[in-house]
Amino acid sequence: MTDLATHQAKLDGYLARFRDTGVLNQIGGEARPAVSGATFDNHSPVDESFICRVARSGAEDVDAAARAAKTAFPAWRDIPASERKAILHRIADGIVARAEEIALCECWDTGQAYRFMSKAALRGAENFRFFADRAPSARDGQALPSPTLMNITTRVPIGPVGVITPWNTPFMLSTWKIAPALAAGCTVVHKPAEFSPVTARILMEIAEEAGLPSGVWNLVNGFGEDAGKALTEHPDIKAIAFVGESKTGSMIMKQGADTLKRVHFELGGKNPVVVFEDADLDRALDAAIFMIYSLNGERCTSSSRLLIQDSVADGFLEKLAARVRNIRVGNPLDPATEVGPLIHKTHFDKVCSYFDKARAEGAEIAAGGAREGDTGWFVQPTLFTGATNAMAIAQEEIFGPVLTAIRFADEDEALQIANDIPYGLTGYVWTNDLTRALRFTDRLEAGMIWVNSENVRHLPTPFGGVKASGIGRDGGDWSFEFYMEQKHIGLATGQHSIPRLGA
Ligand code: NAD
């Protein structure tokens, strides 16, 4: 059997139970359909085949989940942190044990290639281990003595929180949000993306099998405009951790205003990779290709704008186009596949619309620019050249395997182009001039910048964007800052004089 056939056979086994029962909610430790009984159908982007039915939840399901999270909160907040740590490590063990199942289901549900999803499942386990180890110190504070008081600070979990995730790498992103929330002592209601619900259900099952008490983590499936909206409006939900589009973040901020929700937003990006003439051009080429064509280009941190210095542009773009034409598009279950299908038809149509826009705007299509095959939502890896930064292909997040190359003359122009965009998630700078790297990164408007490197995530570092790319940071202690409240306690150290009104 080929690797593809083996994967296909295993996947059929893993999905069989979902074909029977559908993807249910999990509320207070109980698997439940939506109260209304409504469901929607989930299809694979690979061949449009039916995967399963999914509970289509409404406000009453969200209310039940929020109440379960509220009920479970005091006990979860108060159990010894060492127990929380042990449970989170057991969840990580469960993820590792089922990593292949998670990876294959994720490939079929999202279209992401197995070569990346097999690693994403294991990264999910690492996220749990990282925050498990920090759970015992999450409440630590400071002693800030003043002349009359011993001031101490401590942190307490904020309460039940809502986690809303997108479809691009749903398993990994869910662990990235939920692990720190649980480690902090919060309880969770998770609303996964409607287009990729399968692995969120598997993750939830792993958590409860690992001994997570009922109601600490609740799963509510459904659409953003009903289940998602109800979650952001629920008075018992104290904060919303959201990953998704910038315009959805803006809606969530409005929806959460009446209940004064704390929000953490990881939003869209249109990230520059800036290649100067003095860079190691071979490594820059590999990194630029990896950062836009891996994960189908459905990656918030993708290097979707290539800024290339005029003096080296011709040779660089020629090599780039040849490599892009050579990228292996195919079934995401095949370990050889580099690019799989886009998540669904609406997104496929959006990505394809930029091929015509590029032509209309006067750019050239140096590679790709068309659908691949006639089944499933595959597009050819695409390179636009001859673009200016004012074009829609340079300004808008396409979120597919599509790179827009723009030339620049010097450092000032590169910086001006890089910053002339509503987004500010990541930047990638390629130069062997250290002083230039320091100067450029200081002025580049982005939350995360890598110099002479692709995006290499290190969990203790802050993850997040500026401008329309987000609010707040994840990673290290920053995650706890979001899921916890700072508390100050001042204890008098003597008989300091108290102003005596009416004495
Ligand atoms: P989306 O905003 O359409 O949906 C994300 C989630 O929000 C889904 O679960 C959806 O059901 C829900 N939702 C939609 N409308 C809602 C509403 N009114 N109220 C509450 N919830 C609502 O995003 P998407 O298309 O699923 O994902 C792609 C986007 O995510 C891209 O813009 C990408 O850049 C971004 N993203 C950002 C990061 C990051 O770390 N910055 C990471 C991954 C993806």
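Small disclaimer: the values here were computed from a predicted structure and weren't measured.

Draft legend 1. Seen up close, the overall build of the chain. When helices and strands are tallied, the chain shows 16 helices and 21 strands. Put simply, the chain has 503 residues, and 57% of those count as buried. In the chain, the share of contacts with a sequence separation of at least 24, taken over all contacts with a separation of at least 6, comes to 74%. Accessible surface, the chain: about 19,600 Å² in total, of which carbon and sulfur atoms supply 54%. A gap of 5 Å separates the mean positions of the 51 positive and 63 negative side-chain charges of the chain.

Draft legend 2. Seen up close, the packing of aromatic side chains. Throughout the structure, instances matching the rule amount to 15 aromatic pairs. The interplanar angle of 15° and the centroid separation of 6.4 Å between the aromatic rings of Phe128 and Trp217 together place this pair among those described as stacked. A residue pair is termed long-range when its members are at least 10 positions apart, and Phe128 in helix 5 (residues 114–134) and Trp217 in strand 8 (residues 217–219) qualify at 89 residues. Aromatic side chains Phe348 and Trp377 sit 5.2 Å apart centroid to centroid with 50° between the ring planes, which places their arrangement in the tilted category. Placement of the pair is Phe348 in helix 12 (residues 345–361) and Trp377 in the loop between strand 13 (364–367) and strand 14 (382–387), with a sequence separation of 29 residues. Relative accessible area serves as the criterion here: at 11%, Trp377 is assigned to the buried category. Through pairs of rings, three or more aromatic residues link up here, namely Phe130, Phe131, Trp176, Phe463 and Phe480. Over the face of the ring belonging to Trp76 we find Arg84, whose NZ or CZ atom lies 5.8 Å from the ring centre. Cation over ring: Lys357 sits above Tyr354, and NZ or CZ is 4.2 Å from the ring centre.

Draft legend 3. Region of interest: the pattern of salt bridges. Within the structure shown, the criterion is met by 32 salt bridges. Between Arg439 and Glu411 there is a salt bridge; the shortest N-O distance is 2.8 Å. A residue pair is termed long-range when its members are at least 10 positions apart, and Arg439 in helix 15 (residues 434–443) and Glu411 in helix 14 (residues 411–419) qualify at 28 residues. Overall, the relative accessible area of 32% leaves Arg439 in the partly exposed class.

Draft legend 4. Structural detail: the pairing of strand 18 (residues 448–451). Side chains Met448 and Trp450 of strand 18 all project onto a buried face; the interleaved residues Ile449 and Val451 project onto a face where none is buried. Examined bridge by bridge, strand 17 (residues 426–430) and strand 18 share 4 bridges and lie parallel to one another. Directly across from Val429, in strand 18, lies its bridge partner Val451. Since strand 17 and strand 18 lie parallel, the crossover through helix 15 that links them has a hand, and here it is right-handed.

Draft legend 5. Quick peek at the domain arrangement of the chain. For the chain, the assigned domains are domain 1 (3–267 + 469–488) and domain 2 (272–451). For the domain 1 face of the interface with domain 2, the top three residues by lost area are Arg115, Trp167 and Ser469, together amounting to 22%. Remark: the boundary between domain 1 and domain 2 carries 0 salt bridges. Where domain 1 touches domain 2, the interface holds 10 residue pairs in polar contact (both at pLDDT 80 or more). For the side of domain 1 that touches domain 2, the elements supplying multiple residues, two or more each, are helix 1 (3–21), helix 4 (99–110) and helix 5. Along the lines of polarity and charge, the residues of the side of domain 1 that touches domain 2 split into 14 nonpolar, 9 polar and 6 charged.

Draft legend 6. Highlighting the site of the ligand. Close to the ligand lie 30 residues, the nearest being Lys191, Glu194, Thr248, Leu267 and Glu397. Take Thr165: an N or O atom from its main chain is 2.8 Å from an oxygen atom of the ligand. A distance of 2.9 Å separates an oxygen atom of the ligand from a polar atom in the backbone of Glu245. Contact with the protein chains hides 93% of the accessible area of the ligand, taken as 860 Å² for the molecule alone. When residues of the shell around the ligand are traced back to their parent elements, those giving at least two are helix 8 (224–233), strand 9 (239–243) and helix 9 (246–255). For the shell around the ligand, the per-class residue count stands at 15 nonpolar, 9 polar and 6 charged. Looking at which domains feed residues into the shell around the ligand, each of domain 1 (3–267 + 469–488) and domain 2 (272–451) supplies at least three.

Quick notes on the rules
- Residues numbered from 1 in each chain as written.
- Predicted model: local features only at pLDDT ≥ 70, side-chain atom pairs only at ≥ 80, totals over all residues.
- Heavy atoms only, no water.
- Helix = DSSP H or I, 4+ residues; strand = E, 2+ residues; numbered from the N terminus.
- Buried < 20%, exposed > 50% of the residue type's maximum accessible area, 1.4 Å probe, protein only.
- Contact = heavy atoms within 4.5 Å.
- Areas by Shrake-Rupley, 256 points an atom, 1.4 Å probe, with all protein chains shown as cover.
- Lys, Arg positive; Asp, Glu negative; His and termini not counted.
- Charge placed at Lys NZ, Arg CZ, Asp CG, Glu CD.
- Phe/Tyr/Trp six-rings, centres within 6.5 Å; stacked < 30°, edge-to-face > 60°.
- Lys NZ or Arg CZ within 6 Å of the ring centre and 35° of its normal.
- Salt bridge = Lys/Arg side-chain N within 4 Å of Asp/Glu carboxyl O.
- Pairing = 2+ DSSP bridges.
- Right-handed = clockwise from strand over helix to strand, strands pointing away.
- Domains from an automatic or database assignment.
- Buried area = accessible area lost by both parts, 1.4 Å probe.
- Polar contact = N/O pair within 3.5 Å; in protein donor to acceptor, adjacent residues only side chain to side chain.
- Nonpolar A, V, L, I, M, F, W, Y, C, P; charged D, E, K, R; others polar.
- Near = heavy atom within 4 Å.

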